[in-house]
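Architecture at a glance
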Amino acid sequence: DVYSRIQFFTKYDNKKFNLFYKLISNWLSPPIYIILGRGCPYNCSFCAGGYNYRQILKRKSVGQRSVNGVLIDMENAVRQGAKSVVFTHYYDRYENYYAKLLETVSNEFKNIKINFDVWGLPSKEIIDAFAALDKDSVMLILAYSLSEELRSKNSIHSFTNNDLFSTINYIRKNDINIKLILMDNLPFENEYRREILSIKKMLRKDIMVFSLPTELVPSSPMFLHPEQFEIIRTMNNFDDFYDYSKSSYFDSGYRFNNMTQKEMQLLKCKDFCLINPKYGKLVCRALHKITG
């Protein structure tokens, strides 16, 4: 019950904007996240929960929860009034598990919207199973970048863009809602910005693309090896992160070697709007007028 009343709040540079965002958050409720497993086979540059952390915890492999355990969580969420949930923790070696889970959910929770965080690309079998869910359900493809080489440099999933576009087309062929999740200001991104923008123009018009900010996280590869990723940390210890948690401003916690944080933010706003790449600039201009 407490979780269902928590407000989502993202920090921005403008204090009036922050106040405005807090006010509209009163009409928003956070999605209920249902974790499907533990451990991670990947080691993305920006994440502290990847393969490195799994080694620290002495976890030998990725673990999946039982289907029954997930269903119990869903029943509890529905009892609290949830109309939608987020499934997160997709690992392509467990496709039979996900297919069985989605089939069971489609039979027992017909009117619950499922947002499915997919790390990498789902198989056709998973997509077919997902198609039987509530029509408002959304498959979230966490591609993080549209540049194959940039994904490789940040140890992000190794699929090709041909595979990505082919998967997107198959998802839409099954009349499934899709949201493509990208990240802005990943290490080395400035080298591939023109390529990314060019590929972005090739995306289908019937999918939503959402850009998330890259933030420095303690124990992530970026934090542990900044020189490897050609960044300079602006947060270096617990006190830095603690002080930031109390501030009202967004801070990525790092900057590129040849660029200030302000310059990074200006590029982000120009090419990869934080709010929404499609309508973000229009919304930003409106909010600037509202907040003065």
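Structural notes, computed from the coordinates. (Residues numbered from 1 in each chain as written. Predicted model: local features only at pLDDT ≥ 70, side-chain atom pairs only at ≥ 80, totals over all residues. Heavy atoms only, no water.)

**Regarding a negative patch on the surface**
Where like charges cluster on the molecular surface, the negative patch consists of Glu148, Glu149, Asp163 and Glu195. Following the sequence through the fold, Asp163 ends up in helix α7 (residues 161-173). Look at Asp163 and you get partly exposed, because its relative accessible area is 40%. (Patch = residues over 30% accessible without salt bridge, like charges linked within 9 Å, V, L, I, M, F, W, Y side chains within 5 Å. Areas by Shrake-Rupley, 256 points an atom, 1.4 Å probe, with all protein chains shown as cover. Salt bridge = Lys/Arg side-chain N within 4 Å of Asp/Glu carboxyl O. Lys, Arg positive; Asp, Glu negative; His and termini not counted. Charge placed at Lys NZ, Arg CZ, Asp CG, Glu CD. Helix = DSSP H or I, 4+ residues; strand = E, 2+ residues; numbered from the N terminus. Buried < 20%, exposed > 50% of the residue type's maximum accessible area, 1.4 Å probe, protein only.)

**Structural notes on the packing of helix α3 (residues 67-79) against helix α4 (residues 95-108)**
Contact geometry of α3 with α4 gives a least axis separation of 10 Å together with a crossing angle of 35 degrees. As α3 packs across α4, the resulting crossing turns out to be right-handed. Judged by residue contacts, Val67, Val70, Leu71 and Met74 of α3 engage Tyr97, Lys100, Leu101, Thr104, Val105 and Glu108 from α4. Classifying every residue of the contact of α3 with α4 by side-chain character gives seven nonpolar, one polar and two charged. (Axes fitted to C-alpha atoms, helices over the stretch in contact; angles between N-to-C directions. Left-handed = near helix turned anticlockwise from the far one by under 90°. Contact = heavy atoms within 4.5 Å. Nonpolar A, V, L, I, M, F, W, Y, C, P; charged D, E, K, R; others polar.)

**Description of the pairing of strand β5 (residues 113-119)**
The buried count for β5 comes to six of seven residues, which makes it a mostly enclosed element. Strand direction decides the pairing type here: strand β4 (residues 84-88) and β5, joined by four bridges, are parallel. Bridge assignment links Val86 to a residue of β5, and that residue is Asn115. For the crossover from β4 across α4 to β5, the handedness is right-handed. Inspection of the sheet shows β5 paired to strand β6 (residues 138-144) by five bridges, in the parallel sense. Within the sheet, the bridge partner assigned to Asn115 lies in β6 and is Val138. Regarding the hand of the β-α-β motif, the stretch spanning β5, helix α5 (residues 124-130) and β6 is right-handed. (Pairing = 2+ DSSP bridges. Right-handed = clockwise from strand over helix to strand, strands pointing away.)

**Quick notes on a nonpolar patch on the surface**
Taken together, the side chains of Tyr53, Ile56 and Leu57 make up a nonpolar region of the molecular surface, amounting to roughly 310 Å² of accessible area. With respect to the helices and strands, Ile56 occurs in helix α2 (residues 51-56). By relative accessible area, Ile56 is classed as exposed at 58%.

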